[in-house]
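Observations on the model geometry
Below are the chains, spelled out letter by letter.
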Amino acid sequence: MSAFVLVHLLVALALPAVARRNTRAAFAIAAVPPAAALTWVLARSGSVLSGDAVVEQIPWAPLLGLEFTFRLDALALLMTLLVAGIGVLVLVYSIGYFQPGSGDARRSAPLLLAFAGAMFGLVLADDLLTVYVFWELTTICSFLLVGQAGISRESRRSALQALMITTMGGLAMLLGFVVLGEAAGTYRISEIIDEPPGGAQLAVAATLILVGALTKSAQMPFHNWLPTAMVAPTPISAYLHAASMVKAGIFLVARLGPVFVGVPQWWVPTLVFGLFTMVVGGWRALHETDLKKLLAYGTVSQLGFLMVLVGQGTYAAALAGAAMLLAHGMFKATLFLVVGAVDHQAGTRDVRELSGLGRRMPALAIIALLAAASMAGLPPMLGFLGKEAAFGAFLGTGGGGLLVDFVLVLGSVFTVAYSARLLWGAFGDKPGVHPTAAKPPNALLLVPAAVPAFAGVVLGVGYPLTDELAGSYAAVFGAGADAPHLELWHGFELPLLFSVLAVAAGLWAHAARARLTAVRNRLPKLLDAQRGYERMMALLERTAVGVTGRTQVGSLPTYLAIILLTVLAVPGSVLLYHAHIPDDMRLYHNLLQVPLAVLVIIAAIAAVRAKRRLTAVLVVGVIGYGIGGLFIVDGGPDVALAQFLVETLTMVAFVFVLRRLPTRFTKGDAARSLRWPKLALSVAGGVVIALAAVLFSAARQRPPDVSADFIAQSEKGAGATNVVNAILVDFRAFDTVGEISVLAVAATGVASLVLASRFDRRRRSTRGAAAVASAEKPGAVLSGNGHRHEEVQE
């Protein structure tokens, strides 16, 4: 599994070279890794659905508990069908959609493949920290794909908005991961599910993790980034905003659902936010005239529906959620690809300008009809299976369940209505609108859209297979004795009645859309998420400007004072509150530490009292060399050597810089008046840092397991009797190489300063000689740039 993730990322790195020559070949090559991953996963689907998960562990730092763990179980299998399957179709579709050699094509091929690799890693990860790494990789890829070249203001603003909202949610989610991992004593998701922790920490973790899931899955009021991201090319919208990225939040809730079963901070927000998002998103979609915007708000509505199902922690809801997750990925990807084909062939996707395309593109219209029927929940589509199961999941739970079903039916009414509007708007013959001139799309645009549309029919008719796939995931919640199943016919029961009501009312809503839109336009706009986001960003910008204007005043003492005040106020106050001086603390361990400490203190006082800049630099260097001496006394000659090298390079660099500055420090009256406050602040900062060093050093009562292992392996494994040498040269050799590289770069910089100063001296001396020569020659003048000009003789 790790190999597939790695191959995705490596091929993505190599693709720009191919894309510069042939973008069609780049998209074709990009489709190979997800196709291979899909084939590998399907080959193991039998054992996975029978309950035998495929696990792979890659130790990174085992003693620190750091490892990459991947796990292919039923939920990961279901998500891989969407991520890899839809990914292959979108990449093939892109061959026919993008203009060969265009900038969008060159950028999109490697970015789409990198995004597919990140999503593949996300759905397979069995470790919370690994989940976060791949989660943020999808965010970065999304930012680059939506922003594209960043030429237009709209694309830049949309990409930044998506990045801001999802990243802020991701940071809250990371904090929740840490709380959950520390409470459970492990970051392995499968182990946390087997033995979930309890107490207040679980509630805190649930709240924080949900913030990340709600923002990523575009739940209201965090939904506005999704419609604005429709500025991206349609294949990108189809992949990111229908089949994969927006599913990441739903997947996370489904993955961690068994951990938070019965936790109110988990299932109540998913229910409330989900229902609200489903209804409002469907209402907004009904009135859109841009087909992509219509699908975007429809996606928001469907994501709310999914959030309701996967967040409840019951077998029936999870079964319906898994079926709808699969159904939504298929019909929504199909519809995005259909809209892309319409836009590509007709040059517009505005329903007010389109007419008669059903006659000119009958194959595309049939594909759209199949996908829209699944979205509306018509039999025998996959969407019908999921919607029937969803209506039945809340029956038998009392009046609250009926209320939930009522809201779900209301949301489904809007789903049917905007499905009909999509078909009518794209392919209908509209009176008074001139028929749109367009040629039928070619096979590259038609076949990738047709595959998931017909798959929705196959998985609906072949419901036993779908039931096994969804039931394998739902089994983590306990099926019970009378477990529900996905079927096309349950008999004349309430779920069937709800489906009939939703379809009938939805068709009426579509027929009455003009009147409903008029009512909507008369309603007061009390809440607007986009306006709220813009006002929040404007407030943040004004606050940043105000704070920066008051702190970044061009004064180095002011900057130092702000830093020290922050240290004293935030960590210093906490440190003083919990300070406890160790009982066994000694003033020194070796007598040589005393003169070295005295030397450092005297040098520090001398640096403050120095009148000349060069003197201050030299005594600061004495402080560094004194600290290096302390390292030698404590048995770290290698660390001391690094300290001496750094101090030497720093002093040389300082000397070359000081040659450009006045010899003495300048102090005005204001500096004298602030002398005592500065002194008090400096002393307080020094005391807090010294206290922190003492407390942190005493906090470790025994060497960690990593240190014990280093000590045990230093002589046997590295042949060194000095463990510090063994660590620097052998155990963390790459880190040491990195430090040496830093020193080499610093030395190069110093050498450049030396050479630059010599060049300046030579140039000044050359100018001086030229000026003297010109002055001695009659009739010649020297211009400002050193060029000599002869005076014109009349």
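Residues numbered from 1 in each chain as written. Predicted model: local features only at pLDDT ≥ 70, side-chain atom pairs only at ≥ 80, totals over all residues. Heavy atoms only, no water.

**Some remarks on the overall build of the chain**
What counts, and what does not: Per the convention used, a helix needs a DSSP run of H or I reaching at least four residues, while a strand needs a run of E reaching at least two, with both numbered from the N terminus. Buried means the residue's accessible area, taken with a 1.4 Å probe over protein chains only, is under 20% of the maximum for its type, while exposed means over 50%, and partly exposed covers the values in between. Residues count as neighbours in contact if any of their non-hydrogen atoms are within 4.5 Å of one another. Each accessible area is a Shrake-Rupley estimate made with a 1.4 Å probe; only the visible protein chains count as cover when residues are assessed.
Scanning the chain for helices and strands turns up 34 helices and four strands. By its C-alpha atoms, the chain is 100 × 95 × 55 Å across when sized along the principal axes. Counting the 794 residues in the chain, one finds 46% classified as buried. Counted over contacts in the chain with a minimum sequence separation of 6, partners at least 24 positions apart contribute 77%. When the accessible surface of the chain is split by element, carbon and sulfur atoms take 67% of a total near 38,700 Å².

**Side note on helix α10 (residues 200-216)**
The test is simple: Residue count minus one, scaled by 1.5 Å, sets the expected span of a helix.
Given a rise of 1.5 Å per residue, 17 residues ought to cover 24 Å, and the 25 Å separating the end C-alpha atoms of α10 matches this to within 8%. Buried residues in α10 make contact with α7 (128-147), α8 (153-184), α11 (225-228), α13 (245-256), α14 (264-286) and α15 (291-310). Ala218 sits one or two residues past α10 and shows a positive phi near 55°.

**Topic: the packing of helix α16 (residues 315-346) against helix α19 (residues 382-393)**
Our working definition: Inter-axis angles, ranging from 0 to 180 degrees, are taken between N-to-C directions of lines fitted to C-alpha atoms, where helices are fitted over the stretch in contact. The scheme is simple: roughly parallel for angles under 35 degrees, roughly antiparallel for over 145, roughly perpendicular for 65 to 115, oblique for anything else. Throughout, a crossing is termed right-handed when the near helix is turned clockwise from the far one, and left-handed when it is turned anticlockwise from it by less than a right angle.
Where α16 meets α19, the closest approach of the two axes is 8 Å, and the angle between their N-to-C directions is 155°. One finds that α16 runs roughly antiparallel with respect to α19. As for how α16 packs across α19, the hand of that crossing is left-handed. Where α16 abuts α19, its residues Ala316, Ala317, Ala320, Ala323, Met324, Leu326, Ala327 and Met330 lie against Leu382, Gly383, Gly386, Lys387, Ala389, Ala390 and Ala393.

**A few points about the side chain of His328**
Structurally, His328 is set in helix α16. Residue contacts for His328: discarding those within four places in its chain leaves Ala242, Lys247, Thr299, Gln302, Leu306 and Ala333.

**Some thoughts on a positive patch on the surface**
Stated precisely, the cut-off is as follows: Patch criteria: residues need more than 30% relative accessible area and no salt bridge. Like-charged residues are merged within 9 Å; nonpolar side chains of Val, Leu, Ile, Met, Phe, Trp and Tyr are merged within 5 Å. Any carboxyl oxygen of Asp or Glu that lies within 4 Å of a side-chain nitrogen of Lys or Arg is treated as forming a salt bridge with it. For the purpose of counting charges, residues Lys and Arg are taken to be positive, whereas Asp and Glu are taken to be negative. His and the chain ends are not included. Charge coordinates come from a single atom per side chain, which is NZ of Lys, CZ of Arg, CG of Asp or CD of Glu.
Together, Arg609, Lys611, Arg612, Arg664 and Arg675 give the surface a local cluster of positive charge. Mapped onto the elements, Arg675 comes out in helix α31 (residues 675-699).

**Remarks on a nonpolar patch on the surface**
A cluster of nonpolar residues, Val133, Leu137, Ile140, Phe143, Leu144 and Leu160, forms a patch on the protein surface that exposes about 460 Å² of accessible area. For the nonpolar patch, the element with the highest residue contribution is α7, accounting for five residues. Given a relative accessible area of 30%, Phe143 falls into the partly exposed group.

**Quick word on the nonpolar core**
One broad trend across soluble globular proteins is that nonpolar side chains are buried collectively. Which entries qualify depends on this criterion: Take the buried Ala, Val, Leu, Ile, Met, Phe, Trp, Tyr and Cys residues and link them wherever side-chain atoms come within 4.5 Å; each set so joined is a nonpolar core.
Of all hydrophobic cores here, the largest spans 188 residues; its most connected members are Leu256 and Phe260. It is α16 that provides the largest number of residues to this core, a total of 23 residues. In this view, Leu256 contacts Leu128, Phe177, Ile189, Ile209 and Trp266; residues no more than four positions away in its chain are not counted. By size, the runner-up hydrophobic cluster in this structure holds five residues, among which are Leu575, Val688, Leu691 and Ala692.

**Notes on unusual backbone geometry**
A cis amide bond links Met220 to the next residue, Pro221, at an omega of 10°. Note on placement: Pro221 falls in the loop between α10 and α11. Note the cis peptide between Pro379 and Pro380, where omega equals 5°. Looking at the secondary structure, you find Pro380 in the loop between α18 (362-376) and α19. Positioned with a positive phi, Ala218 is a non-glycine residue whose angle comes to about 55°. The residue Ala218 is located in the loop between α10 and α11 in this model.

**A closer look at the packing of aromatic side chains**
Convention followed: Aromatic pairs are defined between Phe, Tyr and Trp rings, using the six-membered ring for Trp, whenever the two ring centres lie within 6.5 Å; interplanar angles under 30 degrees are classed as stacked, those over 60 as edge-to-face, and all others as tilted.
Applying the stated criterion across every chain, the model contains 14 aromatic pairs. Note on Phe4 and Trp40: the rings are 5.5 Å apart at their centroids and 50° apart in plane angle, and the pair reads as tilted. Here Phe4 is found in helix α1 (residues 2-21), whereas its partner Trp40 is found in helix α3 (residues 32-43), with 36 residues between them in sequence. The buried category is assigned to Phe4, whose relative accessible area is 18%.

**A few points about the packing of α8 against helix α25 (residues 529-551)**
So the rule is basically this: Each residue is assigned to one class: nonpolar for Ala, Val, Leu, Ile, Met, Phe, Trp, Tyr, Cys and Pro, charged for Asp, Glu, Lys and Arg, and polar for all the others, Gly among them.
Between α8 and α25, the shortest axis-to-axis distance is 12 Å and the interhelical angle comes to 85°. With respect to α25, the element α8 is oriented roughly perpendicular. Residue-level inspection shows Leu160, Gln161, Met164 and Ile165 of α8 in contact with α25, the latter providing Gln530, Tyr533 and Met537. Counted by class, the contact of α8 with α25 contains five nonpolar, two polar and no charged residues.

**Some points on the pattern of salt bridges**
Going through the model one piece at a time under the given rule, you end up with 10 salt bridges. Among the ionic pairs, Asp350 bridges to Arg352, the shortest N-O distance being 2.8 Å. Look at Arg352 and you get exposed, because its relative accessible area is 57%. One salt-bridge network, in which partners are shared between bridges, spans Glu67, Asp126 and Arg188.

**Considerations on the environment of Gly377**
Structurally, Gly377 is set in the loop between α18 and α19. Distance in space between the C-alpha atoms of Gly377 and Ala327 is 9.9 Å, their sequence separation being 50 residues. Leave out the neighbours within four places in its chain, and Gly377 touches Gly383, Phe384 and Lys387.

**A short note on α15**
An α-helix turns once per 3.6 residues; consequently, residues spaced three or four apart project the same way. The criterion, for reference: Definition of a polar contact: a pair of N or O atoms within 3.5 Å, with one able to donate and the other able to accept a hydrogen when the atoms are protein atoms, and with sequence-neighbouring residues admitted only if both atoms are side-chain atoms.
Its 20 residues give α15 an end-to-end C-alpha distance of 28 Å, which sits within 8% of 28 Å, the value for a rise of 1.5 Å per residue. Most of α15 sits inside the fold, with 19 of its 20 residues counted as buried. For α15, the capping residue at the N-terminal end is Asp290, with a side-chain oxygen 2.9 Å from the backbone nitrogen of Lys292.

**Re the environment of His485**
With respect to the helices and strands, His485 occurs in the loop between α22 (463-474) and α23 (494-511). C-alpha of His485 to C-alpha of Asp467: the two residues are 18 residues apart in sequence and 6.3 Å apart in space. Sequence-distant contacts of His485, defined by excluding residues within four places in its chain, comprise Leu319, Asp467 and His490. Within the local environment of His485, its side chain forms a polar contact with the side chain of Asp467, the two groups lying 3.0 Å apart.

**Let's talk about the confidence of the model for the chain**
Filter applied, for reference: pLDDT measures the predictor's confidence residue by residue and takes values from 0 up to 100.
Put simply, the chain has an average pLDDT of 86, and 96% of its residues get 70 or more. No element of the chain has a lower mean pLDDT than strand β4 (residues 788-790), which averages 45, and none a higher one than α18, which averages 94. Counting contacts from residues 780-794, a segment whose pLDDT is below 50, to residues more than four positions away or on other chains yields 20 contacts.

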